[in-house]
Each structure stands twice: as C-alpha cells, then as structure tokens.
Amino acid sequence: ISFCLNEAKTEGKSELIPSIKFRHSCLLRNQRCIAAYLYDRLLRIRALRWEYGSVLPTAIRFHMCAEEMEWFNQYKKSLATYMRSLGGEEGLDITQDMKPPKSLYIQVRCLKDHGEFEIDDGTVILLKKNSQHFLPRWKCEQLIRQGVLEHVIS
Amino acid sequence: MWWHRCSFVPLRPVYAEFELSLTAMGAKPSGRDVQGQSVCQRRPGSQGTKMEMPLWLAKGLYERKRRVLSVELPKVYREGWRTVFGADPIVVDLHKMGPYYYGLGSQMLHFDSPENPEIANTILQTFIGRFRRTMDSSQNAYNEDTSALVERLDCLERSLFKAGQSGLNSFQLWEKGRSSHLTASSLVINYRKRKMTDLQA
C-alpha cells in the first residue's frame, strides 16, 4: 500500500489517496474477519483434544478442512511429546484426572449402547443402555467426557 | 504479531462494529460498498457532507493533517455526559448509552480530539466507580435471576460479571463436594442438542 500511496503522491494524483486507503481498509477488515473466524475455529478444535480425546468422531471430522485436520494432528503430537517428557519414564497423561479424584472406583450408568468394554484385569463388560456398573475411574473418564457413560453419585 | 494482540484483546475490535457520524471534508471516494465488493462508480463526496461510517473505515481513512475527514464525538463522551459520569457513574444505564462504552471510548481517542485527556479520564473513572458494584453483585447472586443486575451494564462489565458468576458457581460446587463429579464435555452436550433440533426440523 505504501507503494501505491507514494506513486499517487509523485504523480500528482493525490485525490486518489482516500480511495486507496478506503479499499485498503476494506481489504484489511475482510482479512481481520476471516482471521478471527478461523482462529475461533482453531481454538475450538484445540478444546476438542482436551474435552473429547485424540480420536474425533467422523461427524466432527467432516466439518473440518484438511488444514485444520493437519493442525489437529500436529497439536496432538506436540501434546503427546510434552506428556512423555513429564513424570519420569512413562510420562504423565495430563488429560486425565481433570477434576480431583476422590476414589479409585466409581459408579457409572450407560447412556447409550457402546458394545463391549474390557478392563485391566481382563473382564469384559457389556455397555448396554441404562445398565449400571462399578468401574475403575481412569478407564471411564474418557467415556464419561464423550457422553457415553454418566457418573452417578448417590 | 496480530496473533499476540488476539490473546490480550480477544477479537473485540472485529466483533464490535460501530456507526459514527462523520463530517467528510474534501474526500472523493469512489463508490464502493463498505463490505469491499467493488461497485465501480464515481460518486463525488462533496465537502462538508455528513455520513455514517463504520469505525474501522474511519480509522483507516483518518489522517492527522485532517485533510480527509473529521469525526464527531458521540454524545456519551461529550461535556454534558462527562459531568453526569463525574457526579455518579453507578446510576447510568451504560447498556442503553451504547453497549460498548469502554471499547468505543478507547477507539475514539484515536481521532485526536482536543478533549482526549478528559475523555480518557472520564472513561477510567467511570470504570473505577462502577467496578465495585459489578464485582459485589456477581459474587453474591447465586442461583437466581440476574437480569436486573446485568441490564444496565455495558459489554465489558457483563463479561466481568460472567467471570465472577462462573467463579462463584465453581466454588459452590466445590463446597458441595461435587468438584470430583465427572461430566460430559460441553461440546458433546451442545452437539447432541443441535443434532436433536436438526432431526426435529
């Protein structure tokens, strides 16, 4: 833009300067609006990693463009690398225990059919709608966040 | 660099679009729709015409040498209203006087009005005067209808009120021992709600 302004000044067409500035303001505004919209989307996609998990449902993936998918994968990778660097050899999953845990096992109710679910000691549980189970907290956390299970407090 | 600005002033300049009265002097803008779509007609803007223009456009066209346009200050920031704010800022219905009082006021300082120091000072003192009331009301209204408290606040104060309420609610949850209650993510809940309305439509 400074090039155009200089040219207008040197060629004595200084009455064009407001037009140049007008058009430039419009372009900048459009750019700001687009950037704000894309940035907002990015913030929501980032929140998805924390609130939903590392595998997104196809319905949401359908709404994301290729670049956003790429960004999500990179973000996942950065987060995983960071988590591996914490807590000694195994790393620390900081997306777990987002709320302070009070007990090892919790009572959960199934909100929809999710099929079979295997816990650490090998037992397989069938998650059928409205069934209630007493399960280890760390196994259930992600399913609760995804809305499959419901944490029941008596 | 623009991204850094984003995190401190979250996108407010983009969301808030203001209409101001301007006195256009000596400008000859070519007729383009303000959204930037080119409608290439020459439309002479004669000297002394008054028109309304979005803030971002006025900022872009404004020049200190004041060759192009001068901006008329909205009445909330003028002498008369400044004395009202000086007397008692709490009483004023800031939502009615332009929901973005603080934001727009800060932007108006860009236009080099001779009253700038007074305007800036008034805005600051108004905020200081009203903040206590906002903070106290947000921290003491638990589980009740807050519309009466919020209706006279401008947008900045409303976001502060919301932050206060969210803090209060979290604290109350903790007191009840529900802070370890795992919940579905808000994204999932909203998505499910939207799917239901789509199915019903």
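Treat the numbers as computed from the prediction; the structure is a model and nothing was measured.

Next up on the list: the overall build of chain A. Scanning chain A for helices and strands turns up 5 helices and 5 strands. Along chain A, helices and strands appear, N-terminal first, in the series α-α-α-α-β-β-β-β-α-β. Computed over C-alpha atoms, the radius of gyration of chain A comes to 26 Å, more than 25% over the 15 Å expected from 2.2 N^0.38 for 154 residues, which places it beyond the range of a compact globule. Taking all 154 residues of chain A together, the buried fraction comes to 31%. Contacts in chain A between residues at least 24 apart in sequence constitute 50% of all its contacts with a sequence separation of at least 6. As presented, chain A carries roughly 9900 Å² of accessible surface, and 55% of it is formed by carbon and sulfur atoms. Averaged over its 23 positive side-chain charges, chain A has a centre that lies 7 Å from the centre of its 19 negative ones.

Here the focus is the overall build of chain B. Across its full length, chain B carries 9 helices and 5 strands. Overall, chain B shows an N-to-C arrangement of helices and strands of α-α-β-β-β-β-α-β-α-α-α-α-α-α. Per-residue burial over chain B gives 33% buried out of 201 residues. The long-range share in chain B, meaning contacts at least 24 apart out of those at least 6 apart in sequence, stands at 66%.

On to the domain arrangement of chain A. Often, the extent of an interface is quoted as the loss of accessible area on bringing the components together. Considered domain by domain, chain A is made up of domain 1 (1-85) and domain 2 (105-151). A C-alpha centroid distance of 39 Å is found between domain 1 of chain A and domain 2 of chain A.

As a further point, take the packing of helix α1 (residues 2-10) of chain A against helix α2 (residues 17-51) of chain A. Residues and elements named next belong to chain A. Closest axis-to-axis distance for the α1/α2 pair is 10 Å, and the angle between their directions is 170°. In terms of orientation, α1 lies roughly antiparallel with respect to α2. In contact with Cys4, Leu5, Ala8 and Lys9 of α1, α2 contributes Ile17, Ile20 and Lys21. Partitioned by chemical class, the residues of the contact of α1 with α2 number 5 nonpolar, no polar and 2 charged.

What follows is about the nonpolar core. Tyr77 and Tyr101 of chain B are the most contacted members of the largest nonpolar core, which totals 24 residues. Setting aside residues up to four positions removed in sequence, tyrosine 101 of chain B forms contacts with Val76, Tyr77, Phe85, Leu94, Thr122, Ile123, Thr126 and Asp154 of chain B. Val108, Cys110, Leu127 and Leu135 of chain A belong to the second-largest nonpolar core, a separate cluster that totals 14 residues.

On to a nonpolar patch on the surface, then. The grouping of Leu104, Tyr105, Phe134 and Trp138 of chain A at the surface amounts to a nonpolar patch, some 460 Å² of accessible area in total. When you line up the elements, phenylalanine 134 of chain A lands in strand β4 (residues 132-136).

Attention shifts here to the side chain of threonine 146 of chain B. All names here are of chain B. Looking at the element boundaries, threonine 146 is found in the loop between α6 (116-140) and α7 (147-150). Exposure remark for threonine 146: the relative accessible area of 18% places this residue in the buried category. When near neighbours in sequence (up to four residues on either side) are disregarded, threonine 146 contacts Ala141, Phe161 and Gln165.

All names here are of chain B. On average, residues of chain B score 73 in pLDDT, and 74% of them reach the 70 mark or higher. By mean pLDDT, the top-scoring element of chain B is helix α8 (residues 155-175) (91), and the lowest-scoring one is strand β3 (residues 41-42) (31). Between residues 1-44, whose pLDDT stays under 50, and residues either more than four places distant or in other chains, the model counts 97 contacts. With a pTM of 0.73, the predicted complex shows an ipTM of 0.72.

The next point concerns the packing of helix α5 (residues 101-108) of chain B against α6 of chain B. All names here are of chain B. In contact at an axis separation of 10 Å, α5 and α6 are set at 160° when each is read in the N-to-C sense. By the angle between their axes, α5 is roughly antiparallel relative to α6. Handedness of the α5/α6 crossing: left-handed. Here Tyr101, Tyr102, Gly105, Ser106 and Met108 of α5 lie close against α6, whose contacting residues are Asn116, Thr122, Ile123, Thr126, Phe127 and Arg130. By residue class, the composition of the contact of α5 with α6 is 5 nonpolar, 5 polar and 1 charged.

All right, on to the side chain of glutamine 165 of chain B then. All names here are of chain B. Along the chain, glutamine 165 turns up in helix α8. Under the relative-accessibility criterion, glutamine 165 is labelled buried at 15%. Ignoring any residue separated from it by four or fewer positions in sequence, one finds glutamine 165 in contact with Ser138, Ala141 and Thr146.

Rules behind the numbers
All residue numbers here refer to positions counted from 1 along the written sequence of the relevant chain. Whichever chain is written first is A, and whichever ligand is written first is 1; the rest continue in order. In keeping with the model being predicted, local features are shown solely for residues with a pLDDT of at least 70 and side-chain atom pairs are shown and tallied solely at 80 or more, while totals for entire chains, interfaces and linings include all residues. Note that water and hydrogens are dropped before the side-chain values are worked out from all heavy atoms of the structure. Note on conventions: DSSP H or I runs of at least 4 residues are helices, E runs of at least 2 residues are strands, and numbering of each starts at the N terminus. Within these notes, the globule rule equals 2.2 Å times the number of residues to the 0.38 power, and the radius of gyration is based on C-alpha atoms. Three labels apply to residues, based on accessible area from a 1.4 Å probe with only protein chains included: buried if under 20% of the type maximum, exposed if over 50%, partly exposed otherwise in between. Only heavy atoms matter for contacts: two residues are in contact if any of them lie within 4.5 Å across the pair. Accessible surface area values rest on a Shrake-Rupley calculation with a 1.4 Å probe, where residue burial reflects the displayed protein chains alone. When charges are counted, Lys and Arg contribute as positive and Asp and Glu as negative, whereas His and the chain ends are disregarded. By convention, the charge on Lys lies at NZ, on Arg at CZ, on Asp at CG and on Glu at CD. Each domain's extent was defined by an automatic or database domain assignment. Only the stretch in contact is used when a helix axis is fitted, and all axes are lines through C-alpha atoms; the angle between N-to-C directions ranges over 0 to 180 degrees. Under this scheme an angle from 65 to 115 degrees is roughly perpendicular, one under 35 degrees roughly parallel, and one over 145 degrees roughly antiparallel; angles in between are oblique. When residues are sorted by character, Ala, Val, Leu, Ile, Met, Phe, Trp, Tyr, Cys and Pro go into the nonpolar class, Asp, Glu, Lys and Arg into the charged class, and all the rest, Gly among them, into the polar class. Residues belong to one nonpolar core when they are buried, are Ala, Val, Leu, Ile, Met, Phe, Trp, Tyr or Cys, and are joined through side-chain atoms within 4.5 Å. A patch consists of residues exposed above 30% relative accessible area that lack any salt bridge, with like charges linked at up to 9 Å and nonpolar side chains (Val, Leu, Ile, Met, Phe, Trp, Tyr) linked at up to 5 Å. For this document, the term salt bridge refers to a Lys or Arg side-chain nitrogen within 4 Å of an Asp or Glu carboxyl oxygen. Every residue gets a pLDDT, meaning the predictor's confidence in that residue, from 0 to 100. Take the far helix as your reference; a near helix turned counterclockwise from it by less than a right angle gives a left-handed crossing, and one turned clockwise gives a right-handed crossing.

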